[in-house]
Amino acid sequence: MTWQPSTPRAIFSSLDAGVFMRPCRILLLLSLPWAGAQGQGRDDGQWTMPGKNYASTRYSTLTAITAANVARLRPVWSFSTGVLGGHEGQPLVVDGTMYVVTPFPNVLYAFDLAQEGYPLKWKYRPDVSATSVGIACCDAINRGAFYTGGKIVYNLLDGHTVAVDAVTGKELWKTQIADMTRGETTPMAPFVVKDRVIVGPSGGEFGIHGWAKALDLATGRLIWTAYNAGPDSAVLAGAAFKPFYDKGPELALKTWEGDAWQTGGVPVWGWLSYDPELDLLYFGTGNAAPYNAEQRPGDNKWASSVLARRPEDGALVWAYQFTPHENWDYDANAEMILVDLTIQGRLRKTLVHFDKNGFAYTLDRVTGEVLVAEPFTTVTWAKRVDRASGRPVVDTTRLTGASRGNVRDICPSLEGGKTPVAPAAYSPRTGLFYVATNNLCMDFEASAAAHIAGTPYIGASTPYHAGPGGHMGAFIAWDARVGRKVWEIREPYPVWSGSVATAGDVVFYGTLDGWFKAADARSGKVLWKFKVGSGVVGCPITYRGPDGKQYVAIYAGIGGDWFLLSGDVRSDDPADVRPPADFAPNLARHTSQGGIVWIFGL
Amino acid sequence: MPPAVRSDAHVFAGGVAPPAGTLSNPFAGDRQAAGDGERIFRAMNCDGCHGGGALGWEGPSLVDGRWRYGGGDGEVFHSIYYGRPRGMPAYGGILETDGIWKIVTYLRAQPVPQDVPTEQWTP
């Protein structure tokens, strides 16, 4: 993920219309969460999985809240989670109940949306090891849960997946999936396809050997493990594996020197997608370890890549590496949004991805071919992406490594042109993607790193500065058919929030300085905003309540990398009184840590 | 094997301090040992959590004069040797006692800024 060792200077350097019908559980089981290639189709007004649907469009067909009336939006409810820390991810709303997972210690709350004041039905307080707080690289965050078949499934930070009965709150199973002694923690949201629960670890800063695993939804039993680097037998690259650009066997072994792949990172901590027609599961992989790239010559496949696997057995079908021989902590864990787009006159099954490396990619999701790859923010590490080879044309003066000293002015910074923490949304009505972006650059001074299991494995100091224009972030609308920015809303700080788009032609996002905003999906005009009490690093959702009305929900709770980068936003530890980050000296003037669930309505 | 160390930050029930051994730093004030300690601090990946210069990152600053588990030499030694909850690994199994003391000496050699509890944005 992201880590910035400090220097003394740096740290301080369908069915939408009509009234809500409480779905019975049988109906829920029958309803397919797949919302069609365009994110349209059946929408029961619920929010059952992180990305809203298998295509991860974060698009709702609800229409009650519109660009014309959103200015009248008002808070209707709020709740303190009791936890201070980065509130990433999103609530779920299923069958008149809202489910909220907190950061460590990963409490699961179930709120009764049918009762006044939304009282708790139950809360589930798992036994989570506090050691995980220090093994997680960048705050003790959690990215949420997945609902299916009467179960709420989510990960505990200390390397366990749990399934909880959605009605009673009783624990159904708990499975250890990761090993903290190897530097693995598990803040990502599981993703369920049929009876497979897909999970992965964080630990790109700890030299893990990254993987994805599938558990049986009914029992939690491990079904398959697929590593992201190493021999074909471990990567599950068999006869079905046909990457578009790379040829030959043992690609994920030969592109590393010696046994560097065994400690090469390549974690899975982001968002997953699934195309039921192609029966392909898509997810991105994280950075290669350590940050000192001279310790791992080669392309380092499949770090910083997208992998397409069969959910049944994990078999790798294709893979594409966005950043070969990743030098800059450019994880590719960001969401893969599955939509069908007309590219140069031809309707294509595409996968759209906004990478930390600053390029937005439109790929053919059948084959992994690059159709469009254009920068969506300032990019200096590469000049362009070569369409023939699929490889970036790297500016060799921006390559890093211990022998290269302090390499200056690399854009984007290792926070990413867009952070994978903040998934984009897609509206089929406008044909646009709505994306939280950063305008940060960095200097990068690498140094040799020693691998000691259970401790960080990094080797770089990377102070940041604002990119051109001086603003540090923007919320943008992007046309992935041609690779063009349509509008942008500039923000003083990096934008670290997910977004949601609706059929009311409104998009929602939050800011680090604690605003929750609604904008016109077509023009980018900000139509409404509300100060939510803490910076936003979570993802908004919208749903239809038991009263038939449309609501919007968001977490307030700054954290994640901003727990590290802006230590002065915390007030809960008298032993930790760091001065502000030098590139964002005023952030703590506008926010401090929090943990609040907000619901807004008309 | 280091003896149990008493923290002066604790309240002693009944006003009576529990029996405990003491630890003294054999390198206290030794500038060369402090330099060695800085190299060990980096080589053992301490900076991965506590930041370059021990200024704080996922783990707390070790040079701001404020301490969670006590700032005496023996207490800091204990924190490194046995680890602490919330993720501080126990290094006693892979670091020689002298190496730990050199890290303590390095931390001790860092200037502690004046403790200014007020962060102010307006004149």
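Each remark here, short or long, concerns the structure printed above.
Residues numbered from 1 in each chain as written. Chains lettered and ligands numbered in written order. Predicted model: local features only at pLDDT ≥ 70, side-chain atom pairs only at ≥ 80, totals over all residues. Heavy atoms only, no water.

Colleague: I'd like a rundown of the interface of chain B and chain A, residues and numbers included.
Modeller: The interface of chain B with chain A comprises 26 residues on the first partner and 39 residues on the second. Carbon and sulfur atoms supply 57% of the area that chain B and chain A bury against each other, a total of about 2,600 Å² over both sides. Three residues, Trp57, Glu58 and Trp121 of chain B, lead the burial of chain B against chain A; their summed loss comes to 32% of the area buried on that side. Counting the contacts that link chain B with chain A gives one salt bridge. For the salt bridge of aspartate 573 of chain A with arginine 68 of chain B, the shortest nitrogen-to-oxygen distance reads 2.7 Å. In this assembly, chain B and chain A are joined by eleven residue pairs in polar contact (both at pLDDT 80 or more). Tallying contributions element by element places helix α2 (residues 46-50) of chain B first for the side of chain B that touches chain A, with three residues. Among the residues making up the side of chain B that touches chain A, the classes are represented as eleven nonpolar, eight polar and seven charged. (Contact = heavy atoms within 4.5 Å. Buried area = accessible area lost by both parts, 1.4 Å probe. Salt bridge = Lys/Arg side-chain N within 4 Å of Asp/Glu carboxyl O. Polar contact = N/O pair within 3.5 Å; in protein donor to acceptor, adjacent residues only side chain to side chain. Helix = DSSP H or I, 4+ residues; strand = E, 2+ residues; numbered from the N terminus. Nonpolar A, V, L, I, M, F, W, Y, C, P; charged D, E, K, R; others polar.)

Colleague: Account for the pattern of salt bridges, with residues named and values stated.
Modeller: Counted according to the given criterion, the structure contains 34 salt bridges over all chains. Residues aspartate 479 of chain A and arginine 481 of chain A are paired through a salt bridge, measuring 2.9 Å at the closest nitrogen-oxygen approach. By relative accessible area, aspartate 479 of chain A is classed as buried at 8%. The class for arginine 481 of chain A is partly exposed, based on a relative accessible area of 32%. Taking the shortest distance from any N to any O, the salt bridge between arginine 108 of chain B and aspartate 73 of chain B comes out at 2.5 Å. Taken together, the positions of arginine 108 of chain B in helix α4 (residues 97-109) and aspartate 73 of chain B in helix α3 (residues 73-82) put the pair 35 residues apart, joining distant regions of the chain. (Buried < 20%, exposed > 50% of the residue type's maximum accessible area, 1.4 Å probe, protein only.)

Colleague: I'd like a description of the sheet that holds strand β4 (residues 97-101) of chain A, backed by residues and values.
Modeller: Residues and elements named next belong to chain A. Reading across from one edge, β3-β4-β5-β6 is the order of the four strands in this open sheet, with antiparallel pairing throughout. Edge positions in the sheet fall to β3 (92-94) and β6 (120-124), since each has one partner strand and no second. In this sheet, neighbouring strand axes are inclined to one another by 20° on average, regardless of whether the strands run parallel or antiparallel. The pairing of β3 with β4 spans three bridges and is antiparallel. For valine 93, the partnering residue across the bridge sits in β4 and is methionine 98. (Pairing = 2+ DSSP bridges. Axes fitted to C-alpha atoms, helices over the stretch in contact; angles between N-to-C directions.)

Colleague: So what about the state of the cysteines? Which residues, and what values?
Modeller: Residues and elements named next belong to chain A. Going through the model one piece at a time under the given rule, you end up with two disulfides over all chains. In this model, cysteine 137 is linked to cysteine 138 through a disulfide, with the two sulfur atoms separated by 2.0 Å. What sets the handedness of the cysteine 137 and cysteine 138 disulfide is the S-S torsion sign, and at about -105° it is left-handed. Both residues of the pair, cysteine 137 and cysteine 138, belong to the buried class. (Disulfide = S-S within 2.5 Å.)

Colleague: How would you explain the environment of isoleucine 80 of chain B if you had to name every residue and give the values?
Modeller: All names here are of chain B. With respect to the helices, strands and loops of the structure, isoleucine 80 is situated in helix α3. Given the relative accessible area of 8%, isoleucine 80 is considered buried. Taking the C-alpha atoms as reference points, isoleucine 80 and arginine 66, 14 residues apart in sequence, are found 16 Å from one another. The residues contacting isoleucine 80, other than those within four sequence positions of it, are Met88, Pro89, Ala90, Tyr91, Gly92, Ile100, Ile103 and Val104.

Colleague: Describe in detail the layout of surface pockets, supporting the description with residues and values.
Modeller: Counted as a void, the second largest pocket has a volume near 900 Å³. Looking at the second largest pocket, it is lined by 45 residues, and the ones nearest its centre are Glu58, Gly59, Pro60, Arg68 and Arg86 of chain B. Every element with two or more residues in the lining of the second largest pocket is listed here: α3 (132-135) of chain A together with α2, α3 and α4 of chain B. Each residue belonging to the lining of the second largest pocket can be placed in one class, and the counts come to 25 nonpolar, eleven polar and nine charged. (1 Å grid on protein atoms, 1.4 Å probe; cavity = no way out; pocket = protein on both sides within 12 Å on 5 of 7 lines; lining within 4 Å. Points joined across faces, edges and corners; volume = space filled by probe spheres on them.)

Colleague: Can you break down the sheet that holds strand β33 (residues 500-502) of chain A residue by residue, with the values?
Modeller: All names here are of chain A. As summarised here, the arrangement of the five strands in space is β1-β33-β34-β35-β36, forming an open sheet in which the pairing is mixed. Of all strands in the sheet, those bounded by a partner on one side alone are β1 (59-60) and β36 (526-531). Sheet topology note: the strand β35 (residues 515-520)/β36 ladder contains five bridges and is antiparallel. Bridged to tryptophan 515 within β36 is lysine 531.

Colleague: Please set out the packing of aromatic side chains residue by residue, giving values where relevant.
Modeller: Tallying each qualifying case throughout the model produces 47 aromatic pairs over all chains. Between tryptophan 77 of chain A and tyrosine 118 of chain A, the aromatic rings sit 5.4 Å apart at their centres with planes inclined by 55°, giving tilted as the arrangement. Of this pair, tryptophan 77 of chain A sits in strand β2 (residues 74-80) while tyrosine 118 of chain A sits in the loop between β5 (108-112) and β6, and the two are 41 residues apart along the sequence. Tryptophan 77 of chain A sits in the buried class, given a relative accessible area of 11%. Exposure remark for tyrosine 118 of chain A: the relative accessible area of 13% places this residue in the buried category. With a centroid separation of 6.2 Å and 45° between ring planes, the pair formed by phenylalanine 475 of chain A and tryptophan 487 of chain A is classed as tilted. Taken together, the residues span a long stretch of sequence, with phenylalanine 475 of chain A in strand β31 (residues 473-479) and tryptophan 487 of chain A in strand β32 (residues 484-491) at a distance of twelve residues. Taken as a pair, phenylalanine 475 of chain A and tryptophan 487 of chain A share a single burial class, namely buried. A connected cluster of aromatic rings, assembled from ring pairs, spans Phe244, Tyr245, Tyr320, Phe322, Trp328, Tyr330, Phe359, Tyr361 and Trp381 of chain A. The ring of tryptophan 211 of chain A has lysine 213 of chain A lying over it, and the distance from NZ or CZ to the ring centre is 4.3 Å. Sitting above the plane of the phenylalanine 27 of chain B ring, lysine 102 of chain B keeps its charged end 5.5 Å from the centroid. (Phe/Tyr/Trp six-rings, centres within 6.5 Å; stacked < 30°, edge-to-face > 60°. Lys NZ or Arg CZ within 6 Å of the ring centre and 35° of its normal.)

These results come straight from atomic positions and should not be treated as a statement about function.
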